Amino acid sequence: MLREVFRLLKLLDGGAISPTPLRDFGKTGDLTDCGKIVVIVDGEPEHRIVVRSVEGRFQVSEIVAVEDRTEDLPYLLAGVRLGRITDPVRRSDAQRKLFRVRRMLGRD
């Protein structure tokens, strides 16, 4: 998986691929300045790379999350890490969901 992530990031850095734009959802916050890259490797769960646009360009230095896509984990992490979930109740809900998903994936 790691090899494929680095391969895709190299393609992104060289301008050979473009991430799919993300949107503003209640559970993740406004991620409209972010995009996702789908990572598929045989025998592994699908992962997502979430990158953030800086000055209108996606740069490898702005990787926000690389996670298994189960239960929208990469998008929740991006929303929390970027401070996009500002409501204390929603932030608390997101943190609990992150804990549950990580425990389910054996990453607690």
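Remember, it's a predicted structure, so these values are computed and weren't measured experimentally.

Draft legend 1. A look at helix 2 (residues 73–81). Most of helix 2 sits inside the fold, with eight of its nine residues counted as buried. Buried within helix 2 are the following residues: Leu73, Pro74, Tyr75, Leu76, Leu77, Ala78, Gly79 and Val80. Phi turns positive one or two residues past the end of helix 2, at Gly83, with a value near 70 degrees.

Draft legend 2. The arrangement of the side chain of Asp68 in detail. Along the chain, Asp68 turns up in strand 6 (residues 57–68). Of note is the side chain of Asp68, whose polar atom sits 2.6 Å from the side chain of Thr70. Setting aside its immediate chain neighbours within four residues, Asp68 contacts Pro45, Glu46, His47, Leu73, Pro74, Leu105 and Arg107.

Draft legend 3. Quick peek at the pairing of strand 4 (residues 34–39). Here strand 1 (residues 20–21) pairs with strand 4 via two bridges, running antiparallel. Bridging from a neighbouring strand, Pro21 pairs with Gly35 of strand 4. As defined by bridge partners, strand 4 adjoins strand 5 (residues 47–54) across six bridges and the pair is classed as antiparallel. Across the sheet, residue Gly35 finds its bridge partner in strand 5, namely Val51.

Draft legend 4. Looking closely at the pattern of salt bridges. If you walk through the whole model with that rule in mind, you get six salt bridges. Across the pair Glu46 and Arg48 runs a salt bridge whose closest N-O atoms are separated by 2.9 Å. Relative accessible area serves as the criterion here: at 7%, Arg48 is assigned to the buried category. Across the pair Lys97 and Glu71 runs a salt bridge whose closest N-O atoms are separated by 3.8 Å. Of this pair, Lys97 sits in helix 3 (residues 88–104) while Glu71 sits in the loop between strand 6 and helix 2, and the two are 26 residues apart along the sequence.

Draft legend 5. Structural detail: the environment of Arg52. Counting through the fold element by element, Arg52 comes out in strand 5. Residues Arg52 and Ala65, 13 residues apart in the sequence, show an inter-C-alpha distance of 9.8 Å.

Draft legend 6. Representation of unusual backbone geometry in the model. We note that Glu71 has phi near 55 degrees; this positive angle belongs to a residue other than glycine. In this structure, Asp72 takes a positive phi of about 60 degrees despite not being glycine. Considering the arrangement of structural elements, one finds Asp72 in the loop between strand 6 and helix 2.

Draft legend 7. Inspection of the layout of surface pockets at higher detail. One number sums up the size of the largest pocket: a volume of about 200 Å³. Looking at the largest pocket, the residues that line it are Pro21, Leu22, Arg23, Phe25, Lys27, Thr28, Leu31, Lys36, Arg48, Arg69, Asp72 and Tyr75. Here the residues of the lining of the largest pocket sort into five nonpolar, one polar and six charged.

Draft legend 8. Expanded view of helix 1 (residues 2–13). With 12 residues, helix 1 extends 16 Å between its outermost C-alpha atoms, agreeing within 8% with the 16 Å of an ideal straight helix rising 1.5 Å per residue. Among all positions in helix 1, only Val5, Leu8, Leu9 and Leu12 are buried. Seen from one end, helix 1 has its buried residues packed into an arc of 100 degrees, which puts them on one side. Projecting away from the buried face of helix 1 at angles above 90 degrees are the exposed residues Arg3, Phe6 and Lys10. Remark: Gly15 follows helix 1 within two positions and exhibits a positive phi of approximately 80 degrees.

Reading the values: rules and limits
- Residues numbered from 1 in each chain as written.
- Predicted model: local features only at pLDDT ≥ 70, side-chain atom pairs only at ≥ 80, totals over all residues.
- Heavy atoms only, no water.
- Buried < 20%, exposed > 50% of the residue type's maximum accessible area, 1.4 Å probe, protein only.
- Helix = DSSP H or I, 4+ residues; strand = E, 2+ residues; numbered from the N terminus.
- Polar contact = N/O pair within 3.5 Å; in protein donor to acceptor, adjacent residues only side chain to side chain.
- Contact = heavy atoms within 4.5 Å.
- Pairing = 2+ DSSP bridges.
- Salt bridge = Lys/Arg side-chain N within 4 Å of Asp/Glu carboxyl O.
- 1 Å grid on protein atoms, 1.4 Å probe; cavity = no way out; pocket = protein on both sides within 12 Å on 5 of 7 lines; lining within 4 Å.
- Points joined across faces, edges and corners; volume = space filled by probe spheres on them.
- Nonpolar A, V, L, I, M, F, W, Y, C, P; charged D, E, K, R; others polar.
- Expected span 1.5 Å × (residues − 1).
- Arc of directions from axis to C-beta.

These values are about where atoms sit, not about what they do.
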